[in-house]
Amino acid sequence: MAQIQKGALDVLPAVLTHGDLIPSNIHVSAESWRVEGYVDWAEAEQLPFGLCLYGLENLLGYTEKEGGTPRFIYYSQAEELRATFWNALEQELPEVKSNDVRTAIDVARAAGILLWHGFAFDDGKLDRVVNAVDDAEELELLEAHLDLRTGLSRHDSILDHHRSC
């Protein structure tokens, strides 16, 4: 990413990142739906803010493997929830409203998605990029989270999906 090489992330602070922020590592109260904690901090490290925002995308939908083909489906509330996240972040960190900072966060988010879903984790090694033969689900997540799909939209309700689990 040329923007990273040009220093786009330089305006972002290095922060403690989880490194494996997926729904199963987030503990939520069944009664209040409030986050109670996070587990599996083995991959935590100091990285530019925004690099782990791939986790936000994971929370806004789910992967369905209908007919063996994986498909990431955003909940119908995904846009509203994404907007709520950004509004809350801007309330806590007003500097996020700056175009330079927001652009840098968007670049960091995209880089995080590429790092998280673009490399295969085989037998404890990260030694290859994903491919269509071996990594259909990762490619689907890359396309969905980086908004690379065209003309394909299917939305379910987060409440309907929760009830079926």
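Residues numbered from 1 in each chain as written. Predicted model: local features only at pLDDT ≥ 70, side-chain atom pairs only at ≥ 80, totals over all residues. Heavy atoms only, no water.

Draft legend 1. Representation of the packing of helix α4 (residues 99-117) against helix α5 (residues 136-145). It is the contact of α4 with α5, at a shortest axis distance of 9 Å, that shows an interaxial angle of 170°. Taken together, the axes of α4 and α5 lie roughly antiparallel to each other. Mapping the contact onto sequence places Arg109, Ile113, Leu114, Trp116 and His117 in α4 and Glu138, Leu141, Leu142 and His145 in α5. Residue classes in the contact of α4 with α5 are distributed as five nonpolar, two polar and two charged. (Axes fitted to C-alpha atoms, helices over the stretch in contact; angles between N-to-C directions. Helix = DSSP H or I, 4+ residues; strand = E, 2+ residues; numbered from the N terminus. Parallel < 35°, antiparallel > 145°, perpendicular 65-115°, else oblique. Contact = heavy atoms within 4.5 Å. Nonpolar A, V, L, I, M, F, W, Y, C, P; charged D, E, K, R; others polar.)

Draft legend 2. Here's a closer look at the confidence of the model for the chain. For the chain, the average pLDDT comes to 87, and 90% of its residues sit at 70 or higher. Considering each helix and strand of the chain separately, the mean pLDDT is smallest for helix α6 (residues 158-164), with a value of 47, and largest for helix α3 (residues 78-92), with 95. Note that pLDDT drops below 50 for residues 152-163; the model gives that stretch 25 contacts with residues more than four away or on any other chain. (pLDDT = per-residue confidence, 0-100.)

Draft legend 3. The side chain of His117, seen in detail. Checked against the element boundaries, His117 lands in helix α4. Looking at His117, the relative accessible area reads 2%, which means it is buried. A distance of 2.6 Å separates polar atoms of two side chains, one belonging to His117 and the other to Glu138. When sequence neighbours within four positions are dropped, the list of residues in contact with His117 reads Asn58, Val130, Glu138, Leu141, Leu142 and His145. (Buried < 20%, exposed > 50% of the residue type's maximum accessible area, 1.4 Å probe, protein only. Polar contact = N/O pair within 3.5 Å; in protein donor to acceptor, adjacent residues only side chain to side chain.)

Draft legend 4. Broad picture of the environment of Ala111. Relative to the assigned elements, Ala111 resides in helix α4. Once the C-alpha coordinates of Ala111 and Leu51 are considered, the two residues, 60 residues apart in sequence, prove to be 6.5 Å apart.

Draft legend 5. The arrangement of the pairing of strand β8 (residues 125-129) in detail. Counted residue by residue, β8 has zero buried out of five residues, so it is predominantly exposed. The sheet contact formed by strand β7 (residues 119-122) and β8 spans three bridges and is antiparallel. Counted as the bridge partner of Phe119 is Val129 from β8. Taken together, β7 and the strand that follows it, β8, pair antiparallel across an intervening segment of two residues, in which Asp123 is found at a positive phi of about 50°. (Pairing = 2+ DSSP bridges.)

Draft legend 6. Here's a closer look at the environment of Arg149. With respect to the helices and strands, the residue Arg149 is situated in the loop between α5 and α6. Setting aside chain neighbours within four positions, we find Arg149 in contact with Arg71, Phe72, Tyr74, Glu140, Glu143 and Ala144.

Draft legend 7. Inspection of the pattern of salt bridges at higher detail. Per the stated rule, a full pass over the model turns up eight salt bridges. With a shortest N-O distance of 3.4 Å, Glu57 and Arg109 are connected by a salt bridge. Of the two residues, Glu57 is situated in helix α2 (residues 54-59) and Arg109 in helix α4; the sequence distance between them amounts to 52 residues. Judged by relative accessible area, Arg109 falls into the buried class, the value being 18%. As a salt-bridge pair, Arg102 and Asp106 come within 3.2 Å of each other at their nearest N and O atoms. Of the two residues, Arg102 and Asp106 both sit in helix α4, four residues apart, roughly one turn of that helix. Members of the salt-bridge network, linked through shared partners, are Glu57, Glu79, Arg82 and Arg109. (Salt bridge = Lys/Arg side-chain N within 4 Å of Asp/Glu carboxyl O.)

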